[in-house]
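Topology and contacts: notes
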Amino acid sequence: MMEADAAAPARPGGGGGRGLSGQWADGAAARPRTTERHITVHKRLVLGFAVSIVALLLVTMGAVLLSVRGEECGGGDGRAAAAADAPAGRAANGSARPDRGPAGQPPEPPAQEEQAPEEEEWQRRREPPPWTRLRLPGHLRPLHYNLVLSAFMENFTFGGEVNVQVECLNATRYLVLHAHRLHVEAVRVAEDRLAGALRVAAFFLYPRTQALVVVLNRSLEALRSYNLKILYDAPIENELLGFFRSSYVLYGERRFLAVTQFSPTHARKAFPCFDEPIYKATFKISIKHQATYLSLSNMPVETSVFEEDGWVTDHFSQTPLMSTYYLAWAVCNFTYRETTTKNGVVIRLYARPDAIRRGSGDYALNITRRLIEFYEDYFKVPYSLPKLDLLAVPKHPYAAMENWGLSVFVEQRILLDPSISSISYLLDVTMVIVHELCHQWFGDLVTPVWWEDVWLKEGFAHYFEFVGTDYLYPGWNMEKQRFLTDVLHEVMLLDGLASSHPVSQEVQQATDIDRVFDWIAYKKGAALIRMLANFMGHSVFQMGLQDYLTIHKYGNAARKDLWNTLSEALQKVGKFVNIQEVMDQWTLQMGYPVISIMGNETADNVIRISQEHFIYDLDIKAKDPGLGNHSYLWQIPLTIAVGNTSHISSEAIIWVSNKSEHHRIASLDERSWMLGNINQTGYFRVNYDVRNWKMLIDQLMRNHKVISVSNRAGLIDDAFNLARAGYLPQHIPLEIIRYLSKEKEFLPWHAASQALYPLDKLLDRTENYNIFNEYILRQVASMYLKLGWPTNNVDKSFVQASYQASYQHEELRREVIMLACSFGNKHCHQQAATLISDWISSNRNRIPLNVRDIVYCTGVSLMDEDVWEFIWMKFHSTIAVSEKKILLEALTCSDDRNLLNRLLNLSLNSEVVLDQDAIDVIIHVARNPHGRDLAWKFFREKWKILNARYGEALFMNSKLISGVTEFLNTDSELNELKNFIKTYEEGSAASFSRAVETVEANVRWQTLYKEELFQWLRKSLTH
């Protein structure tokens, strides 16, 4: 719905309305018109036939005359028809006022009659009108947009005039493009030559497909160009998509800004356009605004025209060919700092004046310059625009958006104060920037043809987060190590559900577009790209990407284009692998395989390798023939090595393509163990026979360094998840982590922490939880004492420390402290309480930066309400965005249910908690065993509000649904979830389906495996 008309600025030429009534809109012009003139001709013919009975001569003469007259009446081509603008009716609901001329008078009759138009193909075939379908009909192709905007920040409205040069590919008199929640005032269509305008019969909005339909009196001719001019206005919404507003407080004064978020389908909320990625065009944008503001867009300002009334119009340079979803503009009163790359690209970071003054954007600005140069060198394709602006905004639905030349970031993911930011916060900021800059090539320069292959841009950007960060910090080993815990292990949790989907999935309706933007596209896409790079060889893979970008720059590409280019790259080095044949199995099938490697007792050196579809809930596989059949097969690049107590062989690669295969391994004997998926480069799990698992556990206990860091982490993650799904006995993973007391590397500890977390949440409300708790504390205790706590380095920034290779050690210490405090180590609790008390009494925060979040959370959970109030006060008073985030999350750690309820209710107040942060508050309360039921109840009671706020924003609803439900594990909670879904069936169906499957698996695990686990723990603790 639109705001009241009074809120919209007046526009010239906006007389009465012209359009189609709402009742007729579905079948607009479905049958040919019969004019009064045609009826008159037929009557005259009948009269002439009657007169012929009286006088033959008169009949003959009359027939001739009527024949000539009939040709005159029916033969006009309509070119002399008067051109007419068509003023709009109310756009919000797709209705329009009756056809009227200027000043409300009926339209002037045309100079001569037009021939009734021929039926279009869809009419002849009796198909639904083209505006009722998801995809645009393809009759027109936009070539260039000239868009002029006027932003009225005093009442949050804007007016626009868009002139679109289109090429007609197939003759049509129905112009279908996108527009949503816009008040369209007038439409004009003209030929791209001196012949003048074409008469617009009517236009209307079709809200179900967010289409604007313009009906002409005659068809556009194929292979000709036309100009479509549309006048419109709309509010600058107080939401998160389209052209929306945000605010911040500076020196006690609230200031406003307006910014766009168009991906994937929200450009149509800001201007009528062909809002699909395939429709690339050039854009020329002009923005008129008050002189107290500045405006930004994808390209630099070409000229600025100042007016006497305090307004200015900025005219931006023309863009290269680009899609609508990464077009962008902003109106704000920010300040900036800038730098320049060695190739002359000007980089500016715009933010609140106080943040710029404090230097909070300097880190992002510095690494952006280095990363642009890195990508130009890696891809061998220059950055394509003369400038790149980074815009830090207080409110945004996502971490960032890769608009070409104007990337927008939420403040928490780009502003960094070195004096109060931890290594983990620095890492978050770094990786978000690396991701968005990769999109300037993968996504902006080369764009997916359609949303089914969104992973072609998001998977690459996610993969390069780790490659690019390795360039900045070579000692951090991001691609080889951190990728495993942050991407591979995480997405395999999601992709092991029966409700998962292929990384390339069909998009058949509008709701499917939002659904494809999930961790399967991002993280599985990245994991498959990493697997591909490893089996191709990184240098050949890089060469293939260079060719792919060069061939398809400024255009669109599908996955087949990528596969072909990579296959050709392999052929250049003498390797012949059909990449499409291999990768289609990974991208067009959901899920992933578990490889089982079994020794053969009857034949030396022979092993049996089998593959099957990994599913957490094996009962579902038994019930669903589609999941249980043998059609799920992959071509698997299995790397394998053989080891013993002191040595491991070099890896060999075996391509596994059958359900079961036998292979001879030359170096295998009875004292050797086998290890599959070396360094976890493949997207699959590996299981072994019990004998091999015991030998691997023994190797870890004796000399874990024989096995690589990556494989130690992989063994931990595979064991925990194989046990959770019932492939392994429950004690195997717990036996594996006994070696951790000797582990000095961060990655295996991190893998163990992540694997223990869901198990902890399954058990944290059980009566025997203390047994599990005690076992974990025993594994952590010695390393906790060995590492100790970090010293206070408030005067030494982690940005500097990171260059001194402190990352691995500091992250290891942080991980161990987090485990110790989470599971109740007394010394850890005392240390956290002491640090909090010192802060309160001295009002000086001397808590080490890298453990502040742990200390805040532990203090809030252990200490009284005064500590909660103190943290709440600090949350309001701090201006550092990194500190604000961890203070807010700490408030969710309280054991006091009244405080948790209070926080939940405050989370929906946008003046207190930013819209994008409210979801995190609800999820963190749900992770607290004292608040899980409160968050679940709050979610159900406030669902309508939450869905209205976040329903259209990618990720947000699915993140919220998953976060609130993933640790529900009782029959009663499962029934509550199912009943809730029955009540609120609309929207988020895929997310709710995943939630039900997850909770069902939790309940199943409690029934089948909980007691087995506790029995082993009791036995283990008594020895």
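Reading guide: rules and limits
Residues numbered from 1 in each chain as written. Predicted model: local features only at pLDDT ≥ 70, side-chain atom pairs only at ≥ 80, totals over all residues. Heavy atoms only, no water. Axes fitted to C-alpha atoms, helices over the stretch in contact; angles between N-to-C directions. Helix = DSSP H or I, 4+ residues; strand = E, 2+ residues; numbered from the N terminus. Parallel < 35°, antiparallel > 145°, perpendicular 65-115°, else oblique. Left-handed = near helix turned anticlockwise from the far one by under 90°. Contact = heavy atoms within 4.5 Å. Nonpolar A, V, L, I, M, F, W, Y, C, P; charged D, E, K, R; others polar. Core = buried A, V, L, I, M, F, W, Y, C linked by side-chain atoms within 4.5 Å. Buried < 20%, exposed > 50% of the residue type's maximum accessible area, 1.4 Å probe, protein only. Salt bridge = Lys/Arg side-chain N within 4 Å of Asp/Glu carboxyl O. Expected span 1.5 Å × (residues − 1). Polar contact = N/O pair within 3.5 Å; in protein donor to acceptor, adjacent residues only side chain to side chain.

1. Focus on the packing of helix α5 (residues 362–379) against helix α7 (residues 455–472)
- It is at 10 Å that the axes of α5 and α7 come closest, and there the two elements cross at 110°. Between α5 and α7, the crossing angle belongs to the class labelled roughly perpendicular. Relative to α7, α5 is oriented so that their crossing is right-handed. Contacts between α5 and α7 involve I367, R370, L371, F374, Y375, Y378 and F379 from the first element and F464, V467, G468, Y471 and L472 from the second.
- A breakdown of the residues in the contact of α5 with α7 according to their chemical character gives 10 nonpolar, one polar and one charged.

2. Section: the nonpolar core
- In terms of nonpolar packing, the biggest core is built from 313 residues, with F271, W329 and F541 touching the most fellow members.
- For this core, the leading source of residues is helix α10 (residues 519–536), giving 12 residues.
- The residues touching F271, leaving out its near neighbours within four places in the chain, are Y145, L147, V162, H178, L182, Y232, F262, F283, T324, L327 and W329.
- Ranked by size, the runner-up nonpolar core spans 15 residues in total, among them V259, F334, Y350 and V393.

3. Some words on unusual backbone geometry
- Put simply, S263 and P264 share a cis peptide bond, and its omega is -5°.
- By the secondary structure assignment, P264 is in the loop between β11 (253–261) and β12 (282–290).
- Positive phi outside glycine occurs at L223, with the angle close to 65°.
- Residue classification places L223 among the exposed residues on the basis of a relative accessible area of 67%.
- The backbone of N677 sits at a positive phi, close to 60°, despite the residue not being glycine.
- In this structure, N677 sits in the loop between β29 (673–676) and β30 (685–688).
- Take N677: its relative accessible area is 2%, and that puts it in the buried class.

4. Quick word on the pattern of salt bridges
- Evaluated as defined, the whole model comprises 56 salt bridges.
- For R224, the salt bridge goes to E221, with nearest N and O atoms at 3.5 Å.
- Owing to a relative accessible area of 27%, R224 belongs among the partly exposed residues under this scheme.
- Here R897 makes a salt bridge to D933, at a shortest N to O gap of 2.9 Å. With a gap of 36 residues between them, R897 in helix α27 (residues 897–906) and D933 in helix α29 (residues 932–941) connect regions that are remote in the sequence.

5. Comments concerning helix α25 (residues 865–877)
- Along its 13 residues, α25 runs 19 Å from first to last C-alpha, staying within 8% of the 18 Å computed at 1.5 Å per residue.
- Of all the positions in α25, only V867, W868, F870, I871, W872, K874 and F875 are classed as buried.
- Where α25 is buried, its residues meet α23 (826–842), α24 (852–862), α26 (881–890) and α27.
- The opening residue of α25 is D864, an N-cap whose side-chain oxygen sits 3.1 Å from the backbone nitrogen of D866.

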